[in-house]
Amino acid sequence: MTAGALLTAALALPAAAADSGPSGPGRPASQPAESPGTADVPTTTEADPPTDTPTDPSTGTPTESPTVTPTGTASPEPTDTATPDPTGPTDPTGPASPDPTDTTAPPHQFQVYSVGNAWSDHWKLSLSVYSETAGVAGITAHFRAHSASAETPDAATTSEFVTDPTYGNRVSAQRVVLPAMGVYDVSVDVTDTTGNVERFADAGSFTYAARVSVGKLASDRSSVDYEHRSYTVSAPVTVTDPGTGALLDPAGVSVALTDPNGSPYDTVAVASARADGRVAAPVTVTRGITYRTASADGTATAGYPYFLSGSDQVPLTVPAKAETTRIRMLSSSNINVPRGGHTTIKGVLERRVGSTWVGTPGQKIYALQPAYFSATVTTTANGTFSVTSGPAGAYYFCNYWDYDPFLLSTDSTRTPVYVHIPTTSRVTPFHVSEDEYGEAVIDGHLDLHGSEFANNTHSMTIQYSSNGRSWHTVGTTRIGRQGLSGDEFRTYATYGGQANGYWRAYFPGTPDYSPSYSTTVKVYRTPTRVTGGKPGHTTVRKNTYVGLGGHVQQRSTSGRWSGVSRTYAYLEFRPAGSKTWHYVSRVKTDSKGTYHLRGKATRSGTWVVVWFTTDSRHIDSNGPETYVRVK
């Protein structure tokens, strides 16, 4: 975590640019043409570059004016001439000489731009030279006090330049030394490979500034915490004359303090050096605690220009002590809300101070809610917060990540708040049938309208009525139990030993789902019975026969019993100690449903007469089970 930094930018330096392109060069105005001082210098035209550059007699400085017709000599009148003889000399009366009143200088073949202090070393000159047609043989920079007349002698010159390998611009090989600190106008002479020299007057400016060095940063606190996050960062400042090395008064020099983790840097504070040679900046940590010196450039109240010298300051880090936090929910962990309603969830963010938990104000709380709905709230003066609920589901809370460097993050993952708002449920489809054993076969599904399936977490209540009005609860069955789909329930049921009547399923509902009933289904099969079916003796000799007789009957809807004719009655036997029934014999009933059956008693066991329906309209039945001992 890092804080901002001090930054004073008083004097804007020209940006260094590459030699490789003519982007935005500033060309000086053309100088007036001068006489070369001799009458026999050949006249040149703009199409023929001069081979010798004349110099100003008073200064010896090369001029950028081309040679023209000598002063006082009339230019010959141009006349029409025939095509010159290619084998002989040109007729002196042939091509016309330039108009002696035209003093326009030919265009420069070079472009010079971005002249000023080098960014890599403020005490070196940086410039860029570009030409499409000529090569550079030499460069000379002339320094003259700012706004001084053109006749003022140069304060200094430099002719040794090296090419910056990164940007391609040219930088003076040595630091420039000038007679006094201040701003200087820079003129540039560029010599091409043929010896021609072009001058660019006032091509830029150079600031000759004092050197500022900042010592080790220090803090008046060894650490910071939640309640003590403000402190002072200070450092010694030394200012020297770049030419003589003499110490200068540092008072008024501004130094910037930055956060090195900023983008590019976040300025924290700007302070001016005192007469004792120190800078001190009060800072308050909000998101960071690391600092470095960013810059010291300008004039401010120091009375002279200055630049920061040397490499970047070693960063100063003040450790932060983070405190443990917790989110304690003030609302119930389960809140039931009526359908279409909402509720307010409340909690408090606390930090531990020693052994005590204290409410923490002004902190952001992030609320993660169902269906990806989220909200951000800020704790009040006593650390509490509240969120209005949206959809039903679990609500989680945490303090904002990296919001305060003095508080550790925490959340309510282990203690979420569940908001229950009932949604519509339906019991559909719902099927009931009756099997041959006289049991109701019930199968249905619980539709929770897009919510997750019950999945063995909810139960369905099964109800019976003999008349469709008075209902009795038979029992419950789990929804989505093993072997069924997540929303399905299936069971067998009878009430009072029968299934004939009305059946329905009832979902009692939960805080999340409303109650619902299935449709009502009526089922009916004709009841039957086997009368008689008891042997004459319960103790017999081995291999003797046991006889059983009686009737197979059915009951009408009015309750009257009548015989089932021309149907088979079966005799079955289960040996003593066994659970398996064995077929013995069968007989077809007469027109009144009468049967007579007999079987050989080879060992002791239980005898019974049974009847099985051959259609889907009757219920199976059996007579009494009678144990017969064989001696």
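See the structure above.
Along each chain, residues carry numbers from 1 onward, in the same order as the chain's sequence is written. Totals for whole chains, interfaces and linings use all residues, but because this is a predicted model, local features are given only for residues with pLDDT of at least 70 and pairs of side-chain atoms are given and counted only at 80 or more. Derived side-chain values reflect all non-hydrogen atoms in the structure, with water molecules and hydrogen atoms excluded from consideration.

Student: What is the right way to read the overall build of the protein chain from this model?
Tutor: Helices and strands together make up the secondary structure of the protein chain, namely zero helices and 45 strands. Exposure categories follow from relative accessible area, calculated using a 1.4 Å probe and restricted to protein chains: below 20% of the type maximum is buried, above 50% is exposed, and the middle band is partly exposed. Here the protein chain holds 631 residues, and the buried ones make up 42% of them. When checking whether two residues touch, look at their non-hydrogen atoms; a contact exists if any pair is within 4.5 Å. The long-range share in the protein chain, meaning contacts at least 24 apart out of those at least 6 apart in sequence, stands at 63%. Per element, the accessible surface of the protein chain, about 33200 Å² overall, is 50% carbon and sulfur. The helix count covers DSSP runs of H or I at least four residues long, the strand count covers runs of E at least two residues long, and both are numbered beginning at the N terminus. Shrake-Rupley sampling with a 1.4 Å probe provides the accessible areas, and residues are treated as covered by the protein chains on show and by no other component.

Student: How should the side chain of glutamate 434 be read in this particular structure?
Tutor: Secondary-structure assignment places glutamate 434 in strand 28 (residues 426-434). Charge convention: Lys and Arg are scored as positive, Asp and Glu as negative, and His as well as the terminal groups of each chain are ignored. Each reported salt bridge corresponds to a side-chain nitrogen of Lys or Arg within 4 Å of a carboxyl oxygen of Asp or Glu. The side chain of glutamate 434 is buried and forms no salt bridge, while arginine 525, the nearest opposite charge, is found at 5.7 Å. Residues contacting glutamate 434, with those up to four places away along its chain left out, are Glu439, Ala499, Asn500, Val523, Tyr524, Arg525 and Ile619.

Student: I keep staring at the sheet that holds strand 23 (residues 364-368) and nothing clicks. Help me out?
Tutor: Paired through backbone hydrogen bonds, the strands of a sheet run either parallel or antiparallel to each other. Paired strands, in this sense, are two strands between which DSSP finds at least two bridges. With mixed pairing, five strands are arranged side by side in an open sheet as 20-27-26-23-24. The open sheet has two edge strands, strand 20 (334-336) and strand 24 (374-378), and neither has a second partner. Ignoring which end each strand starts from, the neighbouring axes of this sheet average 25° apart. Inspection of the sheet shows strand 20 paired to strand 27 (residues 417-420) by three bridges, in the parallel sense. Looking at strand 27, one finds that asparagine 336 is bridged to histidine 420. Axis definition: a line fitted to C-alpha atoms, limited for helices to the stretch in contact. Angles are taken between N-to-C directions and run from 0 to 180 degrees.

Student: So what exactly am I meant to see when it comes to the nonpolar core here?
Tutor: Note that soluble globular proteins tend to have their nonpolar side chains buried in a common cluster. In terms of nonpolar packing, the biggest core is built from 30 residues, with Val212, Tyr231, Val233, Val237, Val253 and Tyr306 touching the most fellow members. Of all the secondary structure elements, the ones that give two or more residues to this core are strand 9 (210-214), strand 11 (230-240), strand 13 (254-259), strand 14 (266-272) and strand 15 (278-284). Among the elements that line this core, the one with the most residues is strand 11, at five residues. Non-local contacts of valine 237, meaning those with residues more than four positions away in its chain, are made with Val212, Ser213, Val214, Pro250, Val255, Ala273, Gly277, Arg278 and Val279. Think of a nonpolar core as a cluster: buried Ala, Val, Leu, Ile, Met, Phe, Trp, Tyr and Cys residues, connected wherever their side-chain atoms sit within 4.5 Å. The next biggest cluster of nonpolar side chains, apart from the first, holds 25 residues, and it includes Phe110, Val112, Leu125 and Val188.

Student: What exactly am I supposed to notice about the sheet that holds strand 7 (residues 182-192) here?
Tutor: Taking strand neighbours across the sheet as the criterion, the four strands line up as 4-3-7-8 in an open arrangement whose pairing is antiparallel. One side of each edge strand has no neighbouring strand; the edge strands of this open sheet are strand 4 (156-158) and strand 8 (197-208). On average, adjacent strands in this sheet sit at an angle of 25° to one another, irrespective of strand direction. Both strand 3 (residues 136-145) and strand 4 contribute to a ladder of three bridges, which runs antiparallel. Bridge assignment links alanine 141 to a residue of strand 4, and that residue is threonine 158.

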